[in-house]
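What the coordinates show
Below, each chain spelled out in residue letters.
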Amino acid sequence: MRIGINTFLFTSPFTNEGTKLFKTFKKWGFDTVEIPIEDPSHIDPAYVKSELDKNGLVCGSACACMGPDRDLRGTPEQQQTGLNYMKTLIDQMVMLDCPSLIGPVYSAVGRADAVPEEEYKQQWQTVVMHLKDLCAYAEQKKRQVCLEPLNRFETDFINTCSQGLRMIKDVGSKALKLHLDTFHMNIEEKDQGDAIRKAGKALGHFHACGSDRGTPGNDHIDWKPIASALKGIGYKGDVVIESFTTDVKVIARAAAIWRRIEPPRDEIATKGIKFLRKILPKGKARRK
């Protein structure tokens, strides 16, 4: 089980310049880097890959940044824009040697509308259609897509593990997996351990965040059942710290971070990885 860090904690957007962070990430003990690619033009994948190699790191996951114009249940134009964007990310992932596209790959973050049931069903079928297309492309490129349920304040579409699993079943692609996040589960799931066990072999990616979106372990979440459940299902994927601070203004606003959660923000990474190394099941980290 590898432990990774999402670059949103330190910069937005991530560009070639952001590769200067890699040396520090390696010094702190991280195995993988999770890169949110806000626009494919922001990076040269070959250059980023060379910098990862130079620092003994890998890009374990690329985060889909689903803004208002990228929405698989939006207008026809938004649907096509979102689909084209994610296919481009998959192309870049091949160059980065990155296995997983992660995040809310179904809709724009922040869209929470409480639509009538019939409209929701129509949206569901539209997303199923597009994810079948996306996952067929991912299979062709030997990548996986990990769908993340978000809390009710960030989406009205997929909030729980059960809903995510239903989407995976309806899409019916071996490339589509589930991505669970302790911050969102803390709001939406009755029991995080139960949700992880329900996901089982469908769990392809995992975010470890504090209940306040700060340092894992420095919060009220009961982490022992989470670690036990990950061990119980034999999870061997990445566990990534994805937290946000007021230092990165555009992300702070998008994630409603109005106060400094940890002083300084480096503690989210350094204390977080120390805690996760201590509590997570021990095992040899895989490289790819």
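Below or above, wherever it landed, is the structure these notes cover. This one's a predicted model, so the numbers in the text were calculated from it and none came from an experiment.

**Describing the overall build of the protein**
Across its full length, the protein holds 10 helices and 8 strands. A compact globule built from 288 residues would reach a C-alpha radius of gyration of about 19 Å, and the protein, at 18 Å, matches this within 12%. Overall, the C-alpha framework of the protein stretches about 50 × 40 × 35 Å when taken along its three principal axes. By residue count, 58% of the 288 residues in the protein fall in the buried class.

**Re the side chain of Ser61**
Looking at where Ser61 falls in the secondary structure, it is placed in strand β3 (residues 58-64). Of the polar contacts made by the side chain of Ser61, one reaches the side chain of Glu34; its length is 2.7 Å.

**Details of the nonpolar core**
In terms of nonpolar packing, the biggest core is built from 80 residues, with Leu131, Met167, Ile196 and Phe206 touching the most fellow members. Setting aside its immediate chain neighbours within four residues, Leu131 contacts Leu72, Val105, Leu147, Met167, Val171 and Leu176.

**Structural notes on the sheet that holds strand β6 (residues 176-181)**
Within the closed barrel, the 8 strands sit side by side as β1-β2-β3-β4-β5-β6-β7-β8. Their pairing is parallel. Adjacent strand axes in the sheet meet at a mean angle of 30°, parallel and antiparallel pairs treated alike. In this sheet, strand β2 (residues 32-37) lies alongside strand β1 (residues 2-6) in parallel orientation, the contact comprising 3 bridges. Counterpart to Gly4 in the pairing with β2 is Thr32. Sheet strands in contact with helix α5 (residues 161-171) are β5 (144-147) and β6, and its direction is about 170° off that of β6.

**Regarding the pairing of β6**
Most of β6 sits inside the fold, with 5 of its 6 residues counted as buried. Two elements, β5 and β6, share 3 bridges in a ladder whose sense is parallel. Within β6, the position partnered with Val145 by the bridge is Leu176. Taken together, β5, α5 and β6 constitute a β-α-β crossover, and its handedness is right-handed. The pairing of β6 with strand β7 (residues 203-207) spans 4 bridges and is parallel.

**Quick word on the packing of aromatic side chains**
Across all of its chains, the model carries 10 aromatic pairs by this definition. Between the aromatic rings of Phe25 and Phe30, the centroid separation amounts to 6.5 Å while the plane-to-plane angle is 75°, which identifies the pairing as edge-to-face. Residues Phe25 and Phe30 agree in their burial class; the two are buried. Through successive ring pairs, a cluster of aromatic residues spans Phe10, Phe25, Trp28 and Phe30. Between Arg166 and the ring centre of Trp124, over which it is positioned, the NZ or CZ distance is 3.9 Å.

**What to know about the packing of helix α8 (residues 223-232) against helix α10 (residues 266-279)**
Running from N to C, α8 and α10 point in directions that differ by 60°, and their axes come no closer than 10 Å. Judged by the angle between their axes, α8 and α10 are oblique. The two elements α8 and α10 meet at a crossing, and its hand is right-handed. Residues Trp223, Lys224 and Ala227 of α8 touch α10, and the partners they reach there are Phe275, Leu276 and Ile279.

Conventions adopted
Residues numbered from 1 in each chain as written. Predicted model: local features only at pLDDT ≥ 70, side-chain atom pairs only at ≥ 80, totals over all residues. Heavy atoms only, no water. Helix = DSSP H or I, 4+ residues; strand = E, 2+ residues; numbered from the N terminus. Rg over C-alpha atoms; globule rule 2.2 N^0.38 Å. Buried < 20%, exposed > 50% of the residue type's maximum accessible area, 1.4 Å probe, protein only. Polar contact = N/O pair within 3.5 Å; in protein donor to acceptor, adjacent residues only side chain to side chain. Core = buried A, V, L, I, M, F, W, Y, C linked by side-chain atoms within 4.5 Å. Contact = heavy atoms within 4.5 Å. Pairing = 2+ DSSP bridges. Axes fitted to C-alpha atoms, helices over the stretch in contact; angles between N-to-C directions. Right-handed = clockwise from strand over helix to strand, strands pointing away. Phe/Tyr/Trp six-rings, centres within 6.5 Å; stacked < 30°, edge-to-face > 60°. Lys NZ or Arg CZ within 6 Å of the ring centre and 35° of its normal. Parallel < 35°, antiparallel > 145°, perpendicular 65-115°, else oblique. Left-handed = near helix turned anticlockwise from the far one by under 90°.

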